[in-house]
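An overview of the molecular structure
Listed here are the chains, written in short residue letters.
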Amino acid sequence: MTTETSPLARLLSAEPTIVTAGVELFETSLRDQGVAPVPVDWRPPAGAAADLARIAADPRTADANATALERITAAEPHWVGITTARDAVGIETGQFLHAGPPITWERASGPLRGALIGAMLYEGMADTPEQAIAIAERGELELAPCHSRAAVGPMAGVVSPSMPMFAVENGAFGNRAYCTLNEGLGKVLRYGAYGPEVIERLQWMQQVLAPAMDAAVGRLGSLDLRALIVQALQMGDELHNRNRAASALFVREVVPPLLEAGIDPSELADVVRFINGNEHFFLNLGMPAGKAAVDPARDLPGCTVVVAMARNGTDFGIQVSGTGDRWFTGPAQVPDGLFLGDYGPEDANPDIGDSTITETSGVGGFAMAAAPAIVRFVGGEVGDALTATRTMYDLALGEHPHYQIPILEFRGTPVGIDATRVVRTGIVPAVNTGIAGREAGVGQVGAGLVEPPMEAFVQAVAALAAS
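In this report, the structure presented in the accompanying data block is examined. Please read these numbers as outputs of a predicted model, since none were measured by experiment. (Residues numbered from 1 in each chain as written. Predicted model: local features only at pLDDT ≥ 70, side-chain atom pairs only at ≥ 80, totals over all residues. Heavy atoms only, no water.)

Turning our attention to the packing of aromatic side chains. Applying the stated criterion across every chain yields a total of six aromatic pairs. Seen from their ring centres, Phe166 and Phe281 are 6.0 Å apart, and the 90° between their planes marks the pair as edge-to-face. Of this pair, Phe166 sits in strand E6 (residues 164-170) while Phe281 sits in the loop between helix H11 (265-276) and helix H12 (283-294), and the two are 115 residues apart along the sequence. An aromatic cluster is present here, built from Trp79, Phe166, Trp204, Phe250, Phe274 and Phe281 joined pairwise through their rings. Directly above the aromatic system of Tyr393 lies the positively charged group of Arg411, at a separation of 3.5 Å from the ring centroid. (Phe/Tyr/Trp six-rings, centres within 6.5 Å; stacked < 30°, edge-to-face > 60°. Helix = DSSP H or I, 4+ residues; strand = E, 2+ residues; numbered from the N terminus. Lys NZ or Arg CZ within 6 Å of the ring centre and 35° of its normal.)

Spelled out as structure tokens, the structure:
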């Protein structure tokens, strides 16, 4: 027997609310009959129901995912030094690292080819771009993903043996990650430019900037990057496409030891002017901080956590903890965004770079609510930024205890991308990024937002189910 106040009685005595999900026909038919349904944006899993069920029944997964989340959020990334790529990642003349999953010269996009040409000129392997192209076409280059050598690279992500790299150490687990130093914006190697000004800047960075940075970190001992990221998130950065606050905080930390290091005054002025004038300088520290945080979550049997998302300008690839170093790929998409000068969508290359390590570690597109200005790239509003971050909670295993967003009542950023949740919900991770020109040598043409291909996650789920 029911009473008038019981839920069942209220259901029968009040106007019902109808919720529709899936096929739009249900919602349309109700509206035609004068009923206002509440639609739910839901799509069935992308053809992987059996695989999802098999993973859900895997007794290893819950504990493995909990361990992965605990390790990622416990990370204590510190900048500890400057080293050469030769020493850091063990490459020699003729060997190059690049962003994204493995690729050959034949399949490489324009910006990746341009960056490789520039790196060969920088290393003295060739005197002209034509000579560099001939070397590549003879198959005399050895290419490998940055991720395979504990490194990450923005955009083309090309690393050659003589390049200086930031060394970042995770104090909680002792592992290290590496990244080259940021060159600034415009015509730079990472966007595929290789003109004389690009090579001269790289040489100055090797001969002047890197020794100065090494002197600064030597006097500091180390620099707590997690502390800088925590502050930057509360100052309007999301740490992928907006690093303005983090770069300013970095300048505040390194200028005093630079002044005490006995550097030639004219060179010191150039160094301070360069890092102070580059709002993305911190990106190349934030990326290895993310890499150092996520790597301890690798190789956990049964674990469904994504430990790498990266693009080489042709393919978008992911790696998942429970499937080792195997890549799962789909076509890289062209970002939707704002373009510089007279450039337009027809000039844009498909998505490229390892910078999606920021989203993988719980910032970047996952912290968009901290930096609403980012959505102006695509004509969005503040509410769109809030929605982007709130949606990512559906894909994440937890919330970061340190990386918090003021406008969300200091809620932790979503962290620990679960590949099965991506496939189950049909929602892909939010990514914001720079846009490289399609042709080699052009450089940056814009910045915007891009969606990863769902098929990479579907492949990963299938492999997890079979493991």
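Scanning the model with the defined rule gives two cavities of 30 Å³ or more in all. Volume-wise, the largest cavity comes out at about 170 Å³. As for the largest cavity, its lining consists of 16 residues, of which Met163, Thr180, Leu181, Glu183 and Leu202 are closest to the centre. Residue classes in the lining of the largest cavity are distributed as nine nonpolar, five polar and two charged. A volume near 110 Å³ is recorded for the second largest cavity. Around the second largest cavity sit 15 residues that line it, and Ile229, Ala289, Gly290, Ser361 and Tyr403 are the ones nearest its centre. Sorting the residues of the lining of the second largest cavity by element identifies helix H9 (225-233), H12 and strand E14 (396-405) as the ones contributing at least two each. At four residues, H12 tops the list of elements feeding residues into the lining of the second largest cavity. Among the residues forming the lining of the second largest cavity, the class breakdown is nine nonpolar, five polar and one charged. (1 Å grid on protein atoms, 1.4 Å probe; cavity = no way out; pocket = protein on both sides within 12 Å on 5 of 7 lines; lining within 4 Å. Points joined across faces, edges and corners; volume = space filled by probe spheres on them. Nonpolar A, V, L, I, M, F, W, Y, C, P; charged D, E, K, R; others polar.)

With that settled, the discussion passes to the nonpolar core. In this structure, Trp79, Leu209, Met213, Phe250, Leu258, Ile275 and Phe282 are the most contacted members of the largest nonpolar core, which totals 78 residues. Broken down by element, this core gets its largest block of residues, 11 residues, from helix H8 (residues 196-220). Not counting the four nearest positions on each side in its chain, Leu209 is found in contact with Leu181, Trp204, Val271, Phe274, Ile275 and Phe281. Membership of the second largest hydrophobic core comes to 26 residues, among which are Ile55, Met309, Met454 and Ala460. (Core = buried A, V, L, I, M, F, W, Y, C linked by side-chain atoms within 4.5 Å. Buried < 20%, exposed > 50% of the residue type's maximum accessible area, 1.4 Å probe, protein only. Contact = heavy atoms within 4.5 Å.)

This part takes up the environment of Gly81. Tracing the backbone through its elements, the reader meets Gly81 in strand E3 (residues 77-84). According to the relative accessible area criterion, Gly81 is buried, its value standing at 9%. Residues within four places of Gly81 in sequence aside, it is in contact with Met165, Phe166, Ala167 and Val217.

Three or more residues of helix H3 (residues 49-56) are buried, namely Asp51, Leu52 and Ile55. The buried side chains of H3 occupy one side of the element, clustering within an arc of 100° when seen end-on. Those residues of H3 that are exposed and aimed more than 90 degrees away from the buried face are Ala49 and Ala56. Where H3 is buried, its residues meet helix H4 (61-73), helix H15 (419-425) and helix H16 (454-466). (Arc of directions from axis to C-beta.)

Let's shift gears to the sheet that holds strand E11 (residues 328-331). Judged by pairing direction, the sheet is antiparallel, and its four strands sit side by side in the order E11-E10-E9-E13 without closing on themselves. Looking at the sheet topology across the chains shown, the edges are occupied by E11 and strand E13 (352-353). Sheet topology note: the strand E9 (residues 306-312)/E13 ladder contains two bridges and is antiparallel. Opposite Arg311, over in E13, you have Gly353 as the bridge partner. (Pairing = 2+ DSSP bridges.)

Scanning all chains against the criterion turns up 16 salt bridges. Glu279 is paired through a salt bridge with Arg244; the nearest N and O atoms lie 3.2 Å apart. Of this pair, Glu279 sits in the loop between H11 and H12 while Arg244 is found in helix H10 (residues 244-260), placing the two residues 35 residues apart along the sequence. For Arg244, a relative accessible area of 45% corresponds to the partly exposed category. A salt bridge links Asp351 to Arg311; the shortest N-O distance between them is 2.7 Å. Here Asp351 is found in the loop between strand E12 (336-339) and E13, whereas its partner Arg311 is found in strand E9, with 40 residues between them in sequence. Overlapping salt bridges, with partners in common, bring together Lys291, Asp295, Arg298 and Asp325 in one network. (Salt bridge = Lys/Arg side-chain N within 4 Å of Asp/Glu carboxyl O.)

So, about the sheet that holds E6. Strand order in the open sheet formed by four strands is E7-E6-E3-E8, and the pairing between neighbours is antiparallel. Looking along the sheet, the strands with just one partner apiece sit at the ends: strand E7 (176-180) and strand E8 (223-224). Alignment of E3 against E8, held across two bridges, turns out to be antiparallel. Its bridge partner lying in E8, His78 is registered against Asp224.

Once that is clear, we can look at the environment of Gln206. Examined against the element boundaries, Gln206 turns out to sit in helix H8. Once the C-alpha coordinates of Gln206 and Met163 are considered, the two residues, 43 residues apart in sequence, prove to be 6.6 Å apart. Those residues in contact with Gln206 that sit more than four places away from it in its chain are Tyr122, Ser162, Pro164 and Pro211.

Along helix H7 (residues 129-137), the positions that sit buried rather than exposed are Ala132, Ile135 and Ala136. An end-on view of H7 places all buried positions within 100° of arc, on one side of the element. Every exposed residue of H7 that faces more than 90 degrees away from the buried side is listed here: Glu130 and Glu137. Looking at the buried residues of H7, the elements they touch are helix H6 (110-123). Just past H7, the residue Gly139 takes up positive phi, approximately 75°.

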